[in-house]
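A look at the structure
One-letter residues, chain by chain:
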Amino acid sequence: MITVLAGGVGAARFLSGLVRVSPPAGVTAVVNTADDVTLHGLRICPDLDTVTYTLAGAVDPGTGWGLAGETWQVMEALERFAPVAPSGSAAGLTWFRLGDRDLATHLYRSARLGEGAGLVAVTAEVATAWGVEATLLPMTEDPVQTRVTVAGEGEIGFQEYFVERRHDVAAFAVRFAGIDQARPAPGVLAALDGADGVVIAPSNPIVSIAPVLAVAGVRDRLRARRRQVVAVSPIVAGAALKGPAARLMAELGHEASVVGVARLWTDVAGTLVVDEADAALAPEVEAAGMACVVAPSVMHGPDEAAALARTTLAALA
Ligand code: FO1
């Protein structure tokens, strides 16, 4: 039994490798929900959907999110309403692109939540419908929202920062609204306690892994067994493979390197897997308190993802 703390694209690729080298039924992913957003009256869970579609082999390989071969007729039809939407209204917005088939997932999820089902149950239904054998758990069923304070505007929602501003604006602070009241989703703490090992996937430390670690009980559980926790660095040679992880780390006062990642996770993980490009920094990772495993960590395709998963499992053993 392996439990993986997961964000979006990097975690999804890692998980797709993991289920090739380890029985999928023994893999549980605890997935960030602080990126979730309600648009068009629909609850959208980008990280859960990215993991689901990737494990189903259906994700758009170019973007890493959404569905391969997607069509966009609903988004195009919504453009008609742009001239009539009052200023400040979110009705009809199209900067967050929801594909026609992807919309079915959000329609189903929103309808089930509206019927009173919990997000854990609905996530399992969606995963089963997509043929995913691994267990996917939202970190919490309670509302948590990442808020980012950016230059010139003040605080905005995560997707406004990430997608609408294309994370191309200086960020001064990140907070997770609601995190103090958020209870771990049913099954999360048991998945951490019952796992033979825990992996922190190569996801953004600031906006993807930090909210999962901040859910009540999660950080303490990992601290108590940090020798059986292995993290994979999402930073390679000082840059993020995707997204604003390196920039956000630097803006928020962390070193944008594997050493900065080690300093953020040293209390919760005993080992950090870093790419060969960072081999020279292994002594500094160890000085930060983590054992360091150097291995190819850039997942160009399924074979590299499987190899990285194998390396990570070996580090757990
Ligand atoms: N990312 C984008 O850069 N642009 C989009 O329009 C966009 C739409 C979208 C729709 C559904 C979904 O599940 C994910 C989507 N993403 C989009 C990705 C998402 O913003 C990020 O993957 C995460 O929130 C960060 O992990």
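Our subject in this report is the structure included herewith. Just so it is clear, the structure is predicted and the values come from calculations on it, not from any experiment. (Residues numbered from 1 in each chain as written. Predicted model: local features only at pLDDT ≥ 70, side-chain atom pairs only at ≥ 80, totals over all residues. Heavy atoms only, no water.)

1. Looking at the packing of helix α1 (residues 9–21) against helix α13 (residues 302–316)
- Interhelical geometry of α1 versus α13 gives an angle of 75° and a closest axis separation of 7 Å. Compared by their axis directions, α1 and α13 come out roughly perpendicular. Contacts from Arg13, Phe14, Ser16, Gly17, Leu18, Arg20 and Val21 of α1 reach α13 at Pro302, Asp303, Ala305, Ala306, Leu308, Ala309, Arg310, Thr312 and Leu313.
- Grouping the constituent residues of the contact of α1 with α13 by class yields nine nonpolar, three polar and four charged. (Axes fitted to C-alpha atoms, helices over the stretch in contact; angles between N-to-C directions. Helix = DSSP H or I, 4+ residues; strand = E, 2+ residues; numbered from the N terminus. Parallel < 35°, antiparallel > 145°, perpendicular 65-115°, else oblique. Contact = heavy atoms within 4.5 Å. Nonpolar A, V, L, I, M, F, W, Y, C, P; charged D, E, K, R; others polar.)

2. What about the site of the ligand?
- Residues in contact with the ligand amount to 14 residues; listed here are only the nearest, Asp35, Asp47, Phe96, Arg97 and Gln159.
- Residue Asp35 places a side-chain N or O atom 2.9 Å away from an oxygen atom belonging to the ligand.
- Asp47 is positioned with one of its side-chain polar atoms (N or O) 2.9 Å from an oxygen atom of the ligand.
- For the ligand, whose unbound accessible area comes to 530 Å², protein coverage reaches 89%.
- Going through the elements one at a time, α2 (46–55) and α6 (158–164) are the ones with two or more residues in the shell around the ligand.
- The class makeup of the residues in the shell around the ligand is eight nonpolar, one polar and five charged. (Near = heavy atom within 4 Å. Polar contact = N/O pair within 3.5 Å; in protein donor to acceptor, adjacent residues only side chain to side chain. Areas by Shrake-Rupley, 256 points an atom, 1.4 Å probe, with all protein chains shown as cover.)

3. Section: unusual backbone geometry
- A positive phi angle is found at Arg166, which is not glycine, with a value near 50°.
- Looking at the secondary structure, you find Arg166 in the loop between α6 and β8 (171–177).
- Look at Arg166 and you get exposed, because its relative accessible area is 66%.
- One non-glycine residue with positive phi stands out, namely His167, at about 40°. (Buried < 20%, exposed > 50% of the residue type's maximum accessible area, 1.4 Å probe, protein only.)

4. Points about the packing of aromatic side chains
- By the definition in use, this model includes four aromatic pairs.
- When the ring of Trp95 is compared with that of Phe96, the centres are 6.2 Å apart and the planes differ by 90°; the resulting orientation is edge-to-face.
- Given the relative accessible area of 22%, Trp95 is considered partly exposed. (Phe/Tyr/Trp six-rings, centres within 6.5 Å; stacked < 30°, edge-to-face > 60°.)

5. A look at the nonpolar core
- In this structure, Leu5, Tyr161, Ile200, Trp265 and Leu272 are the most contacted members of the largest nonpolar core, which totals 54 residues.
- Those residues in contact with Ile200, other than ones at most four positions away along the chain, are Leu5, Ile209, Val229, Val230, Ala231, Val232, Trp265, Val268 and Ala269.
- Counting residues in hydrophobic clusters, the runner-up holds 30 residues, among them Phe14, Val51, Leu119 and Ala127. (Core = buried A, V, L, I, M, F, W, Y, C linked by side-chain atoms within 4.5 Å.)

6. Quick notes on the environment of Arg147
- Here Arg147 lies in strand β6 (residues 145–150).
- Among all residues touching Arg147, those that are not within four sequence positions of it are Glu155, Ile156, Gly157, Ala173, Val174, Arg175 and Ala177.
- A polar atom in the side chain of Arg147 sits 3.3 Å from the side chain of Glu155.

7. Overview of the environment of Ala121
- Among the secondary structure elements, Ala121 is positioned in helix α5 (residues 119–129).
- Sequence spacing of Ala121 and Pro186 is 65 residues, and the spatial spacing of their C-alpha atoms is 9.7 Å.

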